[in-house]
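# A structural walkthrough
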Amino acid sequence: ISATCSIRGVFFGLSQIAPCHYNKNMAESLEAKTFLIWDVFSNEIFPLTGEELVAGRSEGDLLFEDTELSGRHCRFFLEENKWHFEDLGSTNGSLVNGAEQLPNAPPHLIGPFHVVIFGSQIIVVLDQQITKIKDRQQLLDYISKNCDNKYVFEAIKKKSVFFMKAKFPQMVLR
């Protein structure tokens, strides 16, 4: 299955429009170990299924037309039943919950509501807990614990209205 989405990237004051292409088979069912990633600007959710998902500008499973990304920028991977994030030697590096993830540094353990930034992309990691969220404020409260950058959090806050309406309309929007 191939999906195309439009991403409006705002990262520390920079803005751009970048299409995203997802190349993995998304038909696999969600298992307990499965996480989802919410691409904030495209308002798309992609499952982290299988063992690995590579993101970049020209190589990988999740491709972004983003000049801030390296060809094969980073990966999300499963190890010992836990998801990790790793920068794959990119030129510009990545951030996980505000901490710089230097190229070729040890992988970072990720969990629900963690915020991962690479290039102009802002990704929020989700899991089955998202179905238990009662309203938008509760979602933002969880995310704010992992996002100390006010510009990034404001972008997430603005997009969360569209996310909740489109993906979880049964929740109360506040």
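Because the structure is a prediction, the values reported are computed rather than measured.

Bringing the environment of N43 into the picture now. Inspection of the secondary structure puts N43 in the loop between β3 (35–39) and β4 (44–48). A residue is classified by how much of its surface remains accessible, and N43, at 14% relative accessible area, is buried. Considered as a pair, N43 and M164 are 121 residues apart in the sequence and their alpha carbons are 9.5 Å apart. Side chain to side chain, N43 and W38 meet in a polar contact 3.3 Å long.

Attention now moves to the sheet that holds strand β13 (residues 121–126). Note on sheets: strands pair through backbone hydrogen bonds, and any given pair is parallel or antiparallel. Taking strand neighbours across the sheet as the criterion, the 6 strands line up as β4-β3-β13-β12-β9-β10 in an open arrangement whose pairing is antiparallel. On the outer flanks of this sheet lie β4 and β10 (99–101), each paired with one strand and no other. Within this sheet the neighbouring strands show an average axis-to-axis angle of 25°, counted without direction.

Glancing now at the nonpolar core. By size, the foremost hydrophobic cluster in this structure holds 24 residues, and its most contacted members are V115, I122, I143 and I156. For this core, the element with the highest residue contribution is helix α2 (residues 150–167), accounting for 6 residues. With 20 residues, the next largest nonpolar core counts C74, F76, I110 and I123 among its residues.

Rules of the game
- Residues numbered from 1 in each chain as written.
- Predicted model: local features only at pLDDT ≥ 70, side-chain atom pairs only at ≥ 80, totals over all residues.
- Heavy atoms only, no water.
- Helix = DSSP H or I, 4+ residues; strand = E, 2+ residues; numbered from the N terminus.
- Buried < 20%, exposed > 50% of the residue type's maximum accessible area, 1.4 Å probe, protein only.
- Polar contact = N/O pair within 3.5 Å; in protein donor to acceptor, adjacent residues only side chain to side chain.
- Pairing = 2+ DSSP bridges.
- Axes fitted to C-alpha atoms, helices over the stretch in contact; angles between N-to-C directions.
- Core = buried A, V, L, I, M, F, W, Y, C linked by side-chain atoms within 4.5 Å.

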